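What the coordinates show
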Amino acid sequence: MSAGRPRRWRLPAGWWLSAWWWCCLLWGGAGGYVVVSSVSWPLPEGGPAADELHSSSTEETLPALLEETGGLWKQSYPASAYREDAALGSGPAARRPGQGAAPSRMFSYRREGGGAAGRAGTARFLARYNTWGFVATRAAQGKIQGMPYGNCLLLSDGPANNSTGIPFFYVTPKDNTVADLLKNPVASLTLPEADGNFCRKNVIDPEDPRCARLTLTGQMVTVPPEEVEFAKQAMFSRHPVVRKWPRSYEWFFMKMNIEHIWLQSWYGEVSAITVEEYLKAVPSKG
């Protein structure tokens with residue numbers, strides 16, 4: 001190379017391929033993708049359903065394939081999608097042609113109640129499989145007299161092979177809640193679904209309203225002598241430890257004579273169930 005002649009730089013072979021790749025990478029990132037929610041399901045190991053599921057990879061196809069054939073779940077939009085649409089003055093149902101695609105759907109599913117029979121079965125399920133409940137009374141003593149008072153109590157609706165739907169309790173008059181009930185028997189009992197495995201298996205937080213909760217209201221009464229043996233079997237079979245509680249606390253059995261039944265199994269949705277429907281139902285999930 002002669003002196004004073006400018007030096008020429010040669011680009012390496014394939015430089016245009018590298019430049020194209022970087023442009024694609026930067027351009028693709030401009031879309032601003034954000035992971036909103038992540039949920040896992042057990043997938044079928046084989047068969048046509050597995051082939052169809054593995055060949056599908058979009059939000060539009062996966063939720064439909066993951067729905068259960070019994071109609072236990074159905075698709076729903078996340079609450080944030082409705083809030084965003086409300087700010088724009090429209091909702092998914094009122095979207096006009098050319099306005100754009102509907103909000104991206106998360107894998108969120110709503111449990112179907114299955115009508116009155118399904119709701120009654122769910123209520124009995126909660127009464128059967130809860131081992132404790134939140135009892136609310138009206139305070140009858142002290143500085144909080146007349147105010148609502150709440151307490152958690154162990155309960156059972158019957159022995160292992162005989163679910164009645166009627167909650168039985170093993171209590172002591174030294175408990176403030178029981179002292180209140182002996183003066184005013186009106187009470188409410190709330191049974192949450194958090195005590196079971198359903199919400200955990202379906203990746204739902206126990207405080208989420210989709211985890212059902214049952215509220216029974218009525219009169220709390222002392223179990224009559226002819227029912228004491230049944231109440232003993234009901235409580236001791238579910239809570240063997242209570243046999244060892246000190247007898248000096250004068251334990252005795254109470255039960256709730258149910259008058260009203262309320263079941264919440266979705267956001268803000270509360271269903272009234274008749275006592276007759278409730279007592280006839282078989283404990284079932286869904």
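To be clear, the structure that these remarks concern was listed above.
The model shown is predicted, which means the values in this text are computed figures rather than measured ones.

Its place among the elements puts Gly 268 in the loop between strand S8 (252–266) and strand S9 (269–273). The exposed category is assigned to Gly 268, whose relative accessible area is 66%. Considering only alpha carbons, one finds Gly 268 and Pro 209, 59 residues apart in sequence, at a separation of 7.7 Å.

Now for helix H6 (residues 176–183). Regarding H6, the residues found buried are Thr 177, Val 178, Ala 179, Asp 180 and Leu 181. Elements in contact with the buried residues of H6: strand S3 (132–138), strand S4 (148–154), strand S5 (168–171), strand S6 (186–192), strand S7 (213–222) and S8. The residue sitting at the N-terminus of H6 and contributing the capping side-chain oxygen is Asp 175; that oxygen lies 2.8 Å from the backbone nitrogen of Thr 177.

Strand residues, when the strand is regular, have side chains that alternate between the two faces of the sheet. By the alternation rule, side chains of S3 split into Gly 133, Val 135 and Thr 137, which are all buried, and Trp 132, Phe 134, Ala 136 and Arg 138, of which none is buried. Relative to S4, S3 runs antiparallel, the two sharing seven bridges. Bridging across to S4, Arg 138 finds its partner in Pro 148. Bridge analysis of S3 against S6 gives three bridges, and the strand direction is antiparallel. Across the sheet, Val 135 pairs through a bridge with Leu 189, a residue of S6.

Before going further, it helps to spend a moment on the pairing of S6. Where burial is concerned, most of S6 is hidden: five out of the seven residues are buried. As judged from the seven bridges shared by S6 and S7, these two strands associate in the antiparallel manner. Along S7, the bridge assignment pairs Ser 188 with Thr 217.

Enumeration over the complete set of coordinates arrives at nine aromatic pairs. Taking 6.2 Å as the distance between ring centres and 20° as the angle between the ring planes, the aromatic pair formed by Tyr 170 and Trp 245 counts as stacked. One end of the pair, Tyr 170, is in strand S5; the other, Trp 245, is in the loop between helix H8 (228–238) and S8, with 75 residues separating them in the sequence. Its relative accessible area of 17% is what places Tyr 170 among the buried residues. Aromatic rings pair up to connect Tyr 170, Phe 236, Trp 245, Tyr 249, Trp 251 and Phe 253 into one cluster. The ring of Tyr 278 carries Arg 124 above its face, with NZ or CZ at 5.6 Å from the centroid.

This part covers the pattern of salt bridges. By the definition in use, this model includes three salt bridges. In this structure, Asp 157 engages Arg 128 in a salt bridge whose closest nitrogen and oxygen atoms are separated by 2.8 Å. In this pair, Asp 157 is assigned in the loop between S4 and S5 and Arg 128 in helix H5 (residues 115–129), connecting sequence segments 29 residues apart. Here Asp 157 falls in the buried class, since its relative accessible area comes to 0%.

For the rest of this paragraph, the subject is the environment of Val 228. Along the chain, Val 228 falls in helix H8. Measuring from C-alpha to C-alpha, the distance between Val 228 and Met 254 comes to 9.3 Å, with 26 residues separating the pair along the chain. Among residues more than four places away in sequence, those in contact with Val 228 are Val 223 and Phe 253.

Despite not being glycine, Glu 250 has its phi angle at roughly 60°, a positive value. By the secondary structure assignment, Glu 250 is in the loop between H8 and S8. On the basis of relative accessible area, Glu 250 is assigned to the exposed category, the value being 52%.

All right, on to the side chain of Thr 177 then. Within the fold, Thr 177 resides in helix H6. With a relative accessible area of 0%, Thr 177 lands in the buried category. For Thr 177, the side chain forms a polar contact with the side chain of Asn 151, separated by 3.2 Å. In this structure Thr 177 touches Val 135, Thr 137, Tyr 149, Asn 151 and Leu 153, once residues within four positions along its chain are discounted.

Glancing now at the environment of Val 171. Structurally, the position occupied by Val 171 is in strand S5. In sequence terms Val 171 and Phe 252 are 81 residues apart; their C-alpha atoms lie 5.6 Å from each other. Aside from chain neighbours lying at most four places away, what touches Val 171 is Leu 153, Val 178, Glu 250, Trp 251, Phe 252 and Met 254.

All right, on to the nonpolar core then. In terms of nonpolar packing, the biggest core is built from 37 residues, with Phe 169, Leu 189, Leu 214, Leu 216 and Tyr 278 touching the most fellow members. Of all elements in the fold, only H5, S5, H6, S6, S7, H8 and S8 reach the threshold of two or more residues within this core.

Cut-off values and rules
Residues numbered from 1 in each chain as written. Predicted model: local features only at pLDDT ≥ 70, side-chain atom pairs only at ≥ 80, totals over all residues. Heavy atoms only, no water. Helix = DSSP H or I, 4+ residues; strand = E, 2+ residues; numbered from the N terminus. Buried < 20%, exposed > 50% of the residue type's maximum accessible area, 1.4 Å probe, protein only. Contact = heavy atoms within 4.5 Å. Polar contact = N/O pair within 3.5 Å; in protein donor to acceptor, adjacent residues only side chain to side chain. Pairing = 2+ DSSP bridges. Phe/Tyr/Trp six-rings, centres within 6.5 Å; stacked < 30°, edge-to-face > 60°. Lys NZ or Arg CZ within 6 Å of the ring centre and 35° of its normal. Salt bridge = Lys/Arg side-chain N within 4 Å of Asp/Glu carboxyl O. Core = buried A, V, L, I, M, F, W, Y, C linked by side-chain atoms within 4.5 Å.

These values are about where atoms sit, not about what they do.
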